[in-house]
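Results of the structural survey
Listed below, chain by chain, are the residues.
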Amino acid sequence: MTTHVTPNQRAHRRAEHPVSVASSPFVSRAVALAVALAAAGTAFAQPRPAEPQAAAAAAAQQAAPAPIAAAAPAGGAVRELNLTQLGIDYAVQLRGISGTVGIPFNVRADELVTAASFRLNYAYSPSLIPELSHLKVTVNDVLVATLPVPTAGAGRPQTADIPIDRRLITEFNRINVELIGHYTRECEDPAHTSLWARIDATSTLKLTVAPLKLVNDLAALPQPFFDRRDVRRARIPFVFGTAASGPVLEAAGVVSSWFGALADYRGATFPVSGGDLPTGHAVVFVTPDSSIPGLTLPAIRGPGLAIVDNPRDANGKLLLVMGSTPADLRTAAAALALNAKAFAGATASITAFQEPPARKPYDAPRWVPSDRPLQLGELATAADLSVSGYNPDVVRVNLQLPPDLFTWRSRGIPLDLQYRYTPRVRPDQSTLNVNVNENFVGGLPLRSANPAGDRWWNPLAVKLMPDGTLAERKEIILPPLAMGPRSQLRLHYYFEPVGGRCVPQLDNVRGSIDPTSKIDVSGFPHFIAMPELAAYANGGFPFSRMADLSDTAVILPDQPSSSDTEMFLGLLGQIGRSTGYPALRVKVGRSGEAPQWADKDLLVIGNLQNQPLFTQWADRMPLKRNGTAPELKLNSWIDNAIDFVIGARTREDLPGSMQISVSADGRDAVLAGFQSPLQSGRSVVAAITNSESKDALLNALMTPELLKSVQGSMTIVRDTQVNSVLGQDTYYVGRLPPVAWVQWHLSRSPLMLAGLVIVLALLGAAVSYAGLQLRARRRLSVKAKGK
């Protein structure tokens, strides 16, 4: 019996952690690398890894590292990762006679592991027989440790330090911990509750890594600047060798949004330097006039890209985004973000580049489309949608819904679910359980192929597929309240064990979700009450409505500091993560340029001292200055009275504005949303930070636990504390069909509804009165004619 434990965001990470089987070719590659490391300074070429599985082969081909030019001296940095950092943030329970958990870990292309060990924190059942039971630990299917389960330590926390031969470690790796458990010497129930072991999430993997010097080759992009093997938050320094004007910052925003899309769940930050090179890898924006100490620039003739050695770091690389003018820089950045795989060699010139047509609303690559049904096969591979065994993994499909999807009073979001499974021997309690995030939606019974049981012939028997599975199709209605901008559809096959005491259990059951299963949101309009920072934090809305940010302008201070620029790059990286598309058409300017972009949604960055718009728009913002300390803006009693008449959105789950305060010491970062003072229906999101609070706000937007608290019209972040309030007037974005518009507005205003009822009653009375008067006149007319 095999248990596959699913970490958070497994649907993202599964493709990035293919299982590497440690066959002899893998070991040979590791041996070659280790030998090269011992012979420091000797150049060698990186052997191609063996490909025992098709999935691993495809993943290796997509992220093939650049050839290694030379190995660094032995030694290096020590890195410790617990199971939470490796994607498993909860305690693992191994059950049955052979329960297994797989722990994936990867090694960057520019690093070589010189030493490794695994500290396993665990506990096991007191019922296990020590002579027949043990824990088996393997790395890439090679046994590295067998842990006994003596009676003296049963039921208590245990720790084992397991050394790992560095020759076993390749780019993609997997540590398997398997429980071999028996509770009796006679025949036993394989699913007995006494067969268990617990692996704690505090278990840690310790790696000592040495840097590897790579050759200069654009074909390796996005490596080494971003490596999908690395599950840590990406940190990619940006260096500006020219004045950071609007076009230069637009080019940087294109690159940062591209890296943000690649980093995905990891998140990415972009430290900024005005000319001094950092150590490690960095992205540098240069023109012919640029002068960076220690860096010799290649000839610049129009837009181009190059990878050169970092003069400050023997193993570091610089990605040069080059152009004769700032406009050329933007062209080079767009070509990099759209066609990174098309480049090769150390330097490439970009000629005849043509940007793609402007995007359409709601067509972001990572969003569920609003104009057609979406097949689940477009979001996950067939392998990700298939499971096997009596303790199968959960099938997980990430759904990025448009944040302004209007599902009020709807039945829900339809899911045309097609699925297959091994039919049951006889009717039992087996089900396919459907969940959205942590919310249970329903259970679909898994049927028996022959309802008559042991009868050899039954006219009601179900016809099976050629592979022996049973295919079914059901329409599932997903509850709208459980669906957020970022949701996860979780489908779990539960196969009731057919064995028992003294009855062997064959682990021969399978289940799969057909890739042609569809989710359809095309029947829902787009309409949302604003400001709503949850829509921005989780989906980049309203800027992400156009995936290329063609309806977005970013307003920086007249003299932006490095922290303002870092905030700009980080926020565009987050929007790129939401859309999966670079910000090709974003506009960047200063406060004086804001009026020319009145028809755009505005992302305003700065603090209360250096951003003039925060002073000019103080009456519109939920945060304004009162002397030296900021305070919240409260609605007046007149506003509340009007809201009662015309209807207003209420959020009882958010605190009142008088319950929260903003410090004047600069440690609080504020994210505020309000309607644009330049044009109704347009939105402003203001990021009010400084050098001390910038990192706290970016961290909150990249940490799932903190991100949940970002909502309402204003969010205040201090260190790791996040508080949100709703203290601003409501406006609406989008359009409703006429009937839905009338129904929705009437449902929100008791007085308007009562007034409509009175008007309709009076109108009905008037019509009845007119009818009676008409009949009376006719009667009098008939009598007059009779006389």
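Residues numbered from 1 in each chain as written. Predicted model: local features only at pLDDT ≥ 70, side-chain atom pairs only at ≥ 80, totals over all residues. Heavy atoms only, no water.

Let us look at unusual backbone geometry. Residues other than glycine predominantly adopt negative phi, and peptide bonds predominantly adopt the trans conformation. A cis geometry characterises the amide bond from leucine 221 onward to proline 222, with omega recorded as 5°. Relative to the elements of secondary structure, proline 222 occurs in the loop between strand S11 (204-214) and strand S12 (234-235). In this structure, the amide linkage connecting phenylalanine 541 to the following residue, proline 542, adopts the cis form with an omega of 10°. The backbone of asparagine 140 sits at a positive phi, close to 50°, despite the residue not being glycine. (Helix = DSSP H or I, 4+ residues; strand = E, 2+ residues; numbered from the N terminus.)

The next subject is the sheet that holds strand S16 (residues 282-286). If you walk across this open sheet you meet the six strands as S15-S13-S16-S18-S17-S19, and the pairing is mixed. The open sheet has two edge strands with one neighbour each: strand S15 (272-273) and strand S19 (347-349). Across six bridges, strand S17 (residues 304-309) lies against strand S18 (residues 317-322) in antiparallel orientation. In the sheet register, aspartate 309 faces S18, and the bridge partner there is lysine 317. (Pairing = 2+ DSSP bridges.)

Our next topic: the environment of glycine 181. As for its position among the elements, glycine 181 is in the loop between strand S9 (172-180) and strand S10 (196-199). Remark: the alpha-carbon pair of glycine 181 and serine 125, spanning 56 residues in sequence, is separated by 9.2 Å. Residues in contact with glycine 181, not counting those within four places in the same chain, are Gly96, Ile97, Leu128, Ser133, Glu188 and Leu195. (Contact = heavy atoms within 4.5 Å.)

A few words on the pattern of salt bridges. In total, this model carries 30 salt bridges according to the counting rule given. Of the charged contacts, one joins arginine 167 and aspartate 165 as a salt bridge, the two residues approaching to 2.6 Å between their closest N and O atoms. Aspartate 165 gets classed as partly exposed once you look at its relative accessible area, which sits at 32%. Sharing partners across several salt bridges, the network here consists of Glu250, Arg330, Glu355, Asp548 and Arg585. (Salt bridge = Lys/Arg side-chain N within 4 Å of Asp/Glu carboxyl O. Buried < 20%, exposed > 50% of the residue type's maximum accessible area, 1.4 Å probe, protein only.)

Our focus in this paragraph is the packing of helix H7 (residues 562-579) against helix H10 (residues 694-702). Two quantities define a packed helix pair, namely the angle between the helix axes and the distance between the axes. Closest axis-to-axis distance for the H7/H10 pair is 10 Å, and the angle between their directions is 5°. The orientation of H7 relative to H10 falls into the category roughly parallel. Across the interface between the two elements, Ser563, Glu566, Met567, Gly570, Leu571 and Gln574 of H7 pack against Lys694, Leu697, Leu698, Leu701 and Met702 of H10. Here the residues of the contact of H7 with H10 are counted per class, giving six nonpolar, three polar and two charged. (Axes fitted to C-alpha atoms, helices over the stretch in contact; angles between N-to-C directions. Parallel < 35°, antiparallel > 145°, perpendicular 65-115°, else oblique. Nonpolar A, V, L, I, M, F, W, Y, C, P; charged D, E, K, R; others polar.)

Right, let's get into the side chain of arginine 229. Relative to the helices and strands, arginine 229 resides in the loop between S11 and S12. Looking at arginine 229, its side chain comes within polar contact range of the side chain of glutamine 223, at 2.4 Å. (Polar contact = N/O pair within 3.5 Å; in protein donor to acceptor, adjacent residues only side chain to side chain.)

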